[in-house]
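Take a look at the letters that make up each chain.
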Amino acid sequence: MRAFREAVEARDLDAVEALLAENVVFTSPVVFRPYPGKAITAAIVRAVAQVFEDFRYERELAGADGRDHALVFTARVGERQLTGCDFIHVDEEGLIDGLTVMVRPLSGAQALAAAMGARAEEIAKEVEARSA
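Attention in this report is confined to the structure presented alongside it.

Rules used throughout
Residues numbered from 1 in each chain as written. Predicted model: local features only at pLDDT ≥ 70, side-chain atom pairs only at ≥ 80, totals over all residues. Heavy atoms only, no water. Axes fitted to C-alpha atoms, helices over the stretch in contact; angles between N-to-C directions. Helix = DSSP H or I, 4+ residues; strand = E, 2+ residues; numbered from the N terminus. Left-handed = near helix turned anticlockwise from the far one by under 90°. Contact = heavy atoms within 4.5 Å. 1 Å grid on protein atoms, 1.4 Å probe; cavity = no way out; pocket = protein on both sides within 12 Å on 5 of 7 lines; lining within 4 Å. Points joined across faces, edges and corners; volume = space filled by probe spheres on them. Nonpolar A, V, L, I, M, F, W, Y, C, P; charged D, E, K, R; others polar. Polar contact = N/O pair within 3.5 Å; in protein donor to acceptor, adjacent residues only side chain to side chain. Buried < 20%, exposed > 50% of the residue type's maximum accessible area, 1.4 Å probe, protein only. Arc of directions from axis to C-beta. Salt bridge = Lys/Arg side-chain N within 4 Å of Asp/Glu carboxyl O.

Bringing the packing of helix α3 (residues 38-51) against helix α4 (residues 106-117) into the picture now. Taken N-terminus to C-terminus, the directions of α3 and α4 make an angle of 115 degrees; their axes are 10 Å apart at the nearest point. By crossing handedness, the relation of α3 to α4 is classed as right-handed. Within the contact between the two elements, α3 uses Ile-44, Ala-47, Val-48 and Val-51 and α4 uses Leu-112, Ala-115 and Met-116.

Laid out in structure tokens, this is it:
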């Protein structure tokens, strides 16, 4: 999805949030359960933007119907290099209703999990503030 890619690359996190449907479901590469809702998804994306260094998209793939997209990226978390993919599904209005992220290798996923875990309280506070 071009708009999502451009917003992420520009680090325009408000624009990323504007592309999310209220009922978006975020599926993390390091947590078993999905996170439903715009507030939690936006908070996670904001935290990831702080964690990832040297982030860049390498490729963009799109499904035939224009509703499924895959954005392949590279990034670094601390000393760990990783490759990942954002799998995006858009609803009838063109808003993102599904965002699944996968990363490899395991050492990169572990570094990401640790860095995001350290921000769990910050993420929870942001969600609470947005939900109030």
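This part takes up the layout of surface pockets. Estimated volume of the largest pocket: approximately 570 Å³. Forming the walls of the largest pocket are 31 residues, and the residues nearest its centre are Phe-26, Ile-44, Val-45, Val-48 and Met-116. Elements with a contribution of two residues or more to the lining of the largest pocket: α1 (2-9), α3, β3 (53-62), β6 (96-104), α4 and α5 (120-131). Residue composition of the lining of the largest pocket, by class: 25 nonpolar, two polar and four charged.

Attention now goes to the side chain of Ser-28. Relative to the helices and strands, Ser-28 is located in the loop between β1 (20-27) and β2 (35-36). Here the side chain of Ser-28 touches Val-30 through a polar contact of 3.0 Å, landing on its backbone nitrogen. Side-chain polar atoms of Ser-28 contact the backbone nitrogen of Val-31, separated by 3.3 Å. Ignoring sequence-local partners within four residues, the contact set of Ser-28 consists of Tyr-35 and Val-101.

Residue pairs spaced three or four apart in an α-helix point in one direction, given the helix's 3.6 residues per turn. For α1, the set of buried residues is Phe-4, Arg-5, Ala-7 and Val-8. One side of α1 holds all its buried residues, which, seen down the axis, span an arc of 165 degrees. At its buried positions, α1 is contacted by α2 (13-18), β3, β4 (68-77), β5 (80-90) and β6. Arg-11 lies just past α1 and shows a positive phi near 55 degrees.

The final tally for this structure, using the stated rule, is twelve salt bridges. With its nearest N and O atoms 3.4 Å apart, the salt bridge here joins Arg-5 to Glu-60. Here Glu-60 lies in strand β3 and Arg-5 lies in helix α1, a separation of 55 residues in the sequence. With a relative accessible area of 29%, Glu-60 lands in the partly exposed category. Between Arg-76 and Glu-53 there is a salt bridge; the shortest N-O distance is 3.1 Å. Of this pair, Arg-76 sits in strand β4 while Glu-53 is found in strand β3, placing the two residues 23 residues apart along the sequence. On the accessibility criterion, Glu-53 (31% relative accessible area) is partly exposed.

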